[in-house]
Amino acid sequence: MMPELFSLQDKRALITGSTHGLGMAMAKGLAGAGATLLINGHTEEKMKSALAEYKKAGFTAHGFLFDVTNEAEVKSAVDKIEQEVGPIDILINNAGIIMRTPMLDMEAADFRKVIDIDLVGPFIVSKHVGKYMIKRKAGKIINICSMMSELGRNTVSAYAAAKGGLKMLTKNMATEWAKHNIQVNGIGPGYFATAQTAPIRTEGHPFNEFIINRTPAGRWGDPEDLAGTAVFLSSAASNFVNGQIIYVDGGLLATIGKPSNEV
Ligand code: GCO
């Protein structure tokens, strides 16, 4: 009974922004549980290398290039997948950007760009995937939130506003679609070792020391640390879980932190 509960055999999973980073790590986790991967990116080059990596790992993966903020591209890709590959059983809204700029120095256009990709994008993709899930009365949607869904930090105003909004969009989608047997939840990664955090993670960088001290686990997350939660929220094991954000953060949100000289 238990293994089947977490099995994704014969399921198809669309993960936006899955040509690298946390999206790729979660995709590999889902494939390890049996899912067929529907990979999204917006550049040919990254898609090509990503598909080669998935193939090398022995996973079945199809690539779809589209910009999550372009509704025509999203509709076309989702319709193509549904018609040519098969039903999208699982959607992970992972694609996102960050801009680290003090508010006073941030252009409104840049603020809007972050909101567009990190918040409006998940809305658009969920709308077009959701309409098929509603017809089938079954589906799993996971929105990738952040520590910034709960906490502010200097220089990331747009990202925090987007990720805070994504937390509430998750709750609203859960509210509207639970009656269609669609479970909508979020994953809030803590601080993970990815290209996105590389600029603030270098040895000796003050932020690197800060995060290691601020995180009870005393380390940055490894992208593989996300796979189990992604599989759980994509599987039958979470059929009565709705509107929840699961924080995979090494304990960061559980504590006010400790003085740097305290062990
Ligand atoms: C930053 C980091 C964070 C992490 C992640 C934390 O600049 O504070 O990039 O935003 O990427 O979102 O949950």
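In what follows, the structure referred to is the one given above.
Residues numbered from 1 in each chain as written. Predicted model: local features only at pLDDT ≥ 70, side-chain atom pairs only at ≥ 80, totals over all residues. Heavy atoms only, no water.

What follows concerns the site of the ligand. With respect to spatial proximity, 14 residues lie near the ligand, and among them Arg100, Met147, Arg153, Pro189 and Gln196 are the closest. Contacts to the ligand include proline 189, whose backbone N or O atom sits 2.7 Å from an oxygen atom. Between the ligand and tyrosine 191 there is a distance of 2.8 Å, counted from an oxygen atom to a side-chain nitrogen or oxygen. Relative to its unbound accessible area of 330 Å², the ligand is 96% covered by the protein chains. (Near = heavy atom within 4 Å. Polar contact = N/O pair within 3.5 Å; in protein donor to acceptor, adjacent residues only side chain to side chain. Areas by Shrake-Rupley, 256 points an atom, 1.4 Å probe, with all protein chains shown as cover.)

Count 3.6 residues to each turn of an α-helix, and residues three or four apart come out pointing the same way. The end-to-end C-alpha distance of helix H3 (residues 44-56) is 18 Å, a good match for the 18 Å that 13 residues give at a rise of 1.5 Å each. Among all positions in H3, only Met47, Ala50 and Tyr54 are buried. Seen along its axis, H3 keeps its buried residues to an arc of 70°; they face one direction. Exposed residues lying more than 90 degrees from the buried face of H3 are Glu44, Glu45, Lys48, Lys55 and Lys56. Structurally, H3 contributes buried residues whose contacts are with helix H2 (21-32), strand S2 (36-41) and strand S3 (61-65). (Helix = DSSP H or I, 4+ residues; strand = E, 2+ residues; numbered from the N terminus. Expected span 1.5 Å × (residues − 1). Buried < 20%, exposed > 50% of the residue type's maximum accessible area, 1.4 Å probe, protein only. Arc of directions from axis to C-beta. Contact = heavy atoms within 4.5 Å.)

This part covers the sheet that holds strand S1 (residues 12-15). On the basis of which strands lie adjacent, the open sheet formed by seven strands has the order S3-S2-S1-S4-S5-S6-S7 and parallel pairing. With one partner strand each, in any of the chains shown, S3 and strand S7 (245-248) form the two edges of the open sheet. For this sheet, the mean inter-axis angle between neighbouring strands, taken without regard to orientation, is 20°. Pairing analysis gives five bridges linking S2 to S3, with the strands arranged parallel. Along S3, the bridge assignment pairs isoleucine 39 with glycine 63. Sheet strands in contact with helix H5 (residues 108-136) are S1, strand S4 (90-93), strand S5 (139-144) and strand S6 (182-189), and its direction is about 175° off that of S4. (Pairing = 2+ DSSP bridges. Axes fitted to C-alpha atoms, helices over the stretch in contact; angles between N-to-C directions.)

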